[in-house]
Amino acid sequence: MIEATSEHSKTFMSFRDAWASRLAGGEDGLTLARALTAATDAWIINTWHELSDGVDGELVAVGGYGRGELAFHSDIDLVVHVQDATSPELRFAMEQFHKHVRETRMKVAVA
């Protein structure tokens, strides 16, 4: 499970590097922002689903990311909505999720 998540992180980091090159090459910023948002969605959804087994809750994107307009250096604002904020499953899932976020060099704000 965690090995697969690391592979998702590597794929996502490759996409981000290519995205930066496309922006530097003059591609439309809004189109690229939407592509980055879609790639970020895929990474976050896959990662959270793999790590949150047993957690009764969900992640909700807010801010620019939630609007589908994620910029390259923006932070990713997420709200975690759970039934039991003290569960050991949630604690484990959040610790692992933050570990994988650090691998991608993203700035994530979770509330």
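Below is a short write-up of the structure. It should be emphasised that the depicted structure is a prediction, and the values quoted were computed from it without experimental measurement. (Residues numbered from 1 in each chain as written. Predicted model: local features only at pLDDT ≥ 70, side-chain atom pairs only at ≥ 80, totals over all residues. Heavy atoms only, no water.)

**Describing the overall build of the protein chain**
And then number 1: What the protein chain contains, in helices and strands, is 4 helices and 3 strands.
And then number 2: What you see in the protein chain, going N to C, is helices and strands ordered as α-α-β-α-β-α-β.
And then number 3: Its C-alpha atoms give the protein chain a radius of gyration of 14 Å, within 12% of the compact-globule value 13 Å for 111 residues.
And then number 4: With respect to the three principal axes, the spread of C-alpha positions in the protein chain is 45 × 30 × 15 Å.
And then number 5: A buried classification covers 34% of the 111 residues belonging to the protein chain.
And then number 6: Partitioning the contacts of the protein chain with sequence separation of at least 6, the portion at a separation of at least 24 is 71%.
And then number 7: Surface accessibility of the protein chain: about 6300 Å² in total, with carbon and sulfur atoms responsible for 53%. (Helix = DSSP H or I, 4+ residues; strand = E, 2+ residues; numbered from the N terminus. Rg over C-alpha atoms; globule rule 2.2 N^0.38 Å. Buried < 20%, exposed > 50% of the residue type's maximum accessible area, 1.4 Å probe, protein only. Contact = heavy atoms within 4.5 Å. Areas by Shrake-Rupley, 256 points an atom, 1.4 Å probe, with all protein chains shown as cover.)

**Side note on a nonpolar patch on the surface**
And then number 1: Among the surface-exposed residues, Val-60, Val-62 and Val-79 lie close enough to one another that they form a single nonpolar patch of about 170 Å² accessible area.
And then number 2: Within the secondary structure, Val-62 is located in strand β1 (residues 57-62).
And then number 3: Among the residues examined, Val-62 registers a relative accessible area of 34% and is labelled partly exposed. (Patch = residues over 30% accessible without salt bridge, like charges linked within 9 Å, V, L, I, M, F, W, Y side chains within 5 Å. Salt bridge = Lys/Arg side-chain N within 4 Å of Asp/Glu carboxyl O.)

**Some details on the packing of helix α2 (residues 29-51) against helix α4 (residues 88-104)**
And then number 1: Following both chains from N to C, one finds α2 and α4 inclined at 145°, their axes separated by 9 Å at the closest point. Note that α2 runs across α4; the crossing there is right-handed. Residue-level contacts link Trp-43, Ile-44, Thr-47, Trp-48 and Leu-51 of α2 to Leu-90, Ala-93, Met-94, Gln-96, Phe-97, His-100, Val-101 and Thr-104 of α4.
And then number 2: Of the residues assigned to the contact of α2 with α4, the class counts are 9 nonpolar, 4 polar and no charged. (Axes fitted to C-alpha atoms, helices over the stretch in contact; angles between N-to-C directions. Left-handed = near helix turned anticlockwise from the far one by under 90°. Nonpolar A, V, L, I, M, F, W, Y, C, P; charged D, E, K, R; others polar.)

**Description of α4**
And then number 1: Over its 17 residues, α4 runs 25 Å from end to end, which matches the ideal 24 Å to within 8%, given 1.5 Å per residue.
And then number 2: Restricting attention to buried positions, one finds in α4 the residues Leu-90, Ala-93, Met-94, Gln-96, Phe-97, His-100, Val-101 and Thr-104.
And then number 3: Phi for Arg-105, located one or two positions after α4, is positive at around 65°. (Expected span 1.5 Å × (residues − 1).)

**What about a negative patch on the surface?**
And then number 1: On the surface, Asp-53, Asp-56, Asp-84 and Glu-89 cluster together to form a negatively charged patch.
And then number 2: With respect to the element layout, Asp-53 can be found in the loop between α2 and β1.
And then number 3: We classify Asp-53 as exposed; its relative accessible area is 67%. (Lys, Arg positive; Asp, Glu negative; His and termini not counted. Charge placed at Lys NZ, Arg CZ, Asp CG, Glu CD.)

Any functional reading would require information beyond the geometric quantities listed.
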